[in-house]
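One-letter residues, chain by chain:
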Amino acid sequence: MTDHTTVHAPRISVIGTGYLGATHAAAMAEMGFDVVGVDTDPAKVEALSHGDVPFFEPGLPELLQRHVETGRLRFTTDLADAVAVSDVHFICVGTPQQTTSFAANLSYVEEATRSVAAALTHDGLIVGKSTVPVGTAARLRSLIVPALPEQVHAELVWNPEFLREGKAVDDTLHPDRIVFGGASAEAEALLRAVYALPIAAGTPVVACDLPTAELVKVSANAFLATKISFINAISEICEAADADVEQIAEALGYDARIGRQFLNAGLGFGGGCLPKDIRALMHRSAELGAFSAASLLQQVDEINMGQRQRVIDTTLDALGGSVLNRRIAVLGAAFKPHTDDVRDSPALNVAAALHLRGAQVVVYDPEAGTTAKRVYPTLGYAEDVETAVRGTDAVLVLTEWPEFAEADPAALARLTRGAQVIDGRNCLPAEEWEEAGWTVSRLGHARFSAPQPERVLRSVGTASRGRLLVDA
Ligand code: UDX
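A brief report on the enclosed structure follows.

Definitions and cut-offs
- Residues numbered from 1 in each chain as written.
- Predicted model: local features only at pLDDT ≥ 70, side-chain atom pairs only at ≥ 80, totals over all residues.
- Heavy atoms only, no water.
- Salt bridge = Lys/Arg side-chain N within 4 Å of Asp/Glu carboxyl O.
- Helix = DSSP H or I, 4+ residues; strand = E, 2+ residues; numbered from the N terminus.
- Buried < 20%, exposed > 50% of the residue type's maximum accessible area, 1.4 Å probe, protein only.
- Core = buried A, V, L, I, M, F, W, Y, C linked by side-chain atoms within 4.5 Å.
- Contact = heavy atoms within 4.5 Å.
- Polar contact = N/O pair within 3.5 Å; in protein donor to acceptor, adjacent residues only side chain to side chain.
- Near = heavy atom within 4 Å.
- Nonpolar A, V, L, I, M, F, W, Y, C, P; charged D, E, K, R; others polar.
- Phe/Tyr/Trp six-rings, centres within 6.5 Å; stacked < 30°, edge-to-face > 60°.
- Lys NZ or Arg CZ within 6 Å of the ring centre and 35° of its normal.

1. Focus: the pattern of salt bridges
Between side chains of opposite charge, pairing is possible as soon as their charged atoms come close. On inspection of all chains with the given rule, the structure shows 21 salt bridges. Ionic pairing is found between E161 and K129, a salt bridge with its closest N-O pair at 3.4 Å. Placement of the pair is E161 in the loop between β6 (154-158) and α7 (168-173) and K129 in the loop between β5 (124-128) and α6 (136-147), with a sequence separation of 32 residues. Just as E161 is buried, K129 falls in that class too. The salt bridge partner of E400 is R425, with a shortest N-O separation of 3.6 Å. Of the two residues, E400 is situated in the loop between β12 (394-397) and α17 (402-405) and R425 in the loop between β13 (420-423) and α19 (430-435); the sequence distance between them amounts to 25 residues.

2. Overview of the nonpolar core
Core analysis: the biggest nonpolar cluster contains 50 residues, and I328, L331, L354, L396 and W438 have the highest contact counts within it. For this core, the leading source of residues is helix α14 (residues 346-356), giving five residues. When near neighbours in sequence (up to four residues on either side) are disregarded, L354 contacts I312, T315, V323, I328, A359, V361 and L396. Of all hydrophobic cores here, the second largest spans 39 residues; its members include Y19, F33, V45 and L73.

3. As for the side chain of R310
Mapping R310 onto the fold places it in helix α13 (residues 291-318). Judged by its relative accessible area of 6%, R310 is buried. One polar contact links R310 to S235, side chain to side chain, over a distance of 3.2 Å. Within the structure, R310 has its side chain in polar contact with the side chain of E239 (distance 2.3 Å).

4. Considering the site of the ligand
Lining the immediate environment of the ligand, one finds 20 residues, of which L163, E165, N264, F335 and K336 sit closest. A distance of 3.4 Å separates an oxygen atom of the ligand from a polar atom in the side chain of K217. Within the side chain of K336, an N or O atom sits 2.8 Å from an oxygen atom of the ligand. When residues of the shell around the ligand are assigned to their parent elements, the largest contribution, four residues, is made by helix α10 (residues 210-241). Per-class residue counts for the shell around the ligand are ten nonpolar, four polar and six charged.

5. What about the packing of aromatic side chains?
Scanning the entire structure with this criterion turns up four aromatic pairs. Seen in terms of ring centroids, Y364 and F404 are 6.1 Å apart; in terms of plane orientation they differ by 70°. Their pairing is edge-to-face. Taken together, the residues span a long stretch of sequence, with Y364 in strand β10 (residues 360-364) and F404 in helix α17 at a distance of 40 residues. In this pair, the class of Y364 matches that of F404, namely buried. Residues W433 and W438 carry aromatic rings whose centres are separated by 4.9 Å and whose planes lie at 50° to one another, so their mutual orientation is tilted. Each member of the pair W433 and W438 is classed as buried. The cationic tip of R177 hangs over the ring face of F162; the distance from NZ or CZ to the ring centre is 3.7 Å.

Keep in mind these values describe shape, not function.
Shown next as structure tokens:
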């Protein structure tokens, strides 16, 4: 790579304007840079150009509008134009799970990277941010070589993103750490200039090689997923042994080595990242012959998917073994609160499964009603909690929106036929609800019925070695 040191501040292009790209572009503008966001979807570009965010992300519309107005941030479908006026090019396109396997679909990343390389009019730094299987970046490096115009040099580095939906703006402006993978001294200096503000505020930088940077990201997500499945496995023991998983999580959390976060037992993880990322890592680990990692991740996935079945089983138990023609309110459709994202939403999966068994299901979510309706148009939808709950035999709380925990249980109980609530996220003040006349079922608590022996066998079986020999 030739000299990146520009007399002006580095100008930035961001390729892909989904959650990651739109937030990154707005955050870069907030940090003082001129930014062009690129997307192939003209409708998305049009919306973002007017400062409209096509998804729910707290704080993002304000940030975006501010910088669209200052002129520091613009959006285009013209990748060549964006690349020509920029020095640093962030690749932020999606890496969804393939439809026919657990592997990640890398076609968007490959296409975006190759297109940026081919469109370069002067030397540039290509920075991958998308979550990719280890080994991808090295392959992309060889892909860009034939695409580069003559006399133009480019370096490709990896700089993974760790933003959470619902907290994306804050996570991008104030990251916990910044990882630079495979950067030469020159590229690292340029990246340090781009991230000067968070670095000055004390954010640690980890400079490492390409595969390490790729693996940091998926390892972080795999660890979070494992932590959730761990507490959910413990919650299964709690139910059988009459113990309380929430108190266990609290006591564990006081140990600084463990920490309290991501120890909320319940319906388990969903969303656009954790499930697909652990599956892609499982697939890649097996490809690389790292079978212990693959088997651990498979168990994490199985425990997580099993939580959905446990909530379905609890609902069946609560309603005497059948949900046929019973009216059920599902409170929550998003995969977690403070988002309208329903990708791999455990809440909607459970709602659809109960519907399939003949229940009349009415879903209410403060933000995700519209997105949910698109995916599951055959479910019923309500505009508020009261309407959803009216005349129901059971209420399921499946996303922990504060609105549900803050609801008046006595008023809601009067609207129902059965005052049965299944708290799939352990988020309700259970005692208050019980005092108001509700029968409350929670995962990981004694009230829950103990599993049958065959369920014990099934749930401890590891996929790689078949069932463990457990004396149940
Ligand atoms: C995740 C990572 O947190 C983020 O760092 C990465 O960049 C992208 O993937 P996100 O998908 O936004 O972010 O969701 P996250 O907040 O991690 O929650 C994932 C799922 O785990 C949600 O369905 C949530 O309800 C569930 N969860 C979380 C639990 O079931 N229990 C917990 O204790 C915590």
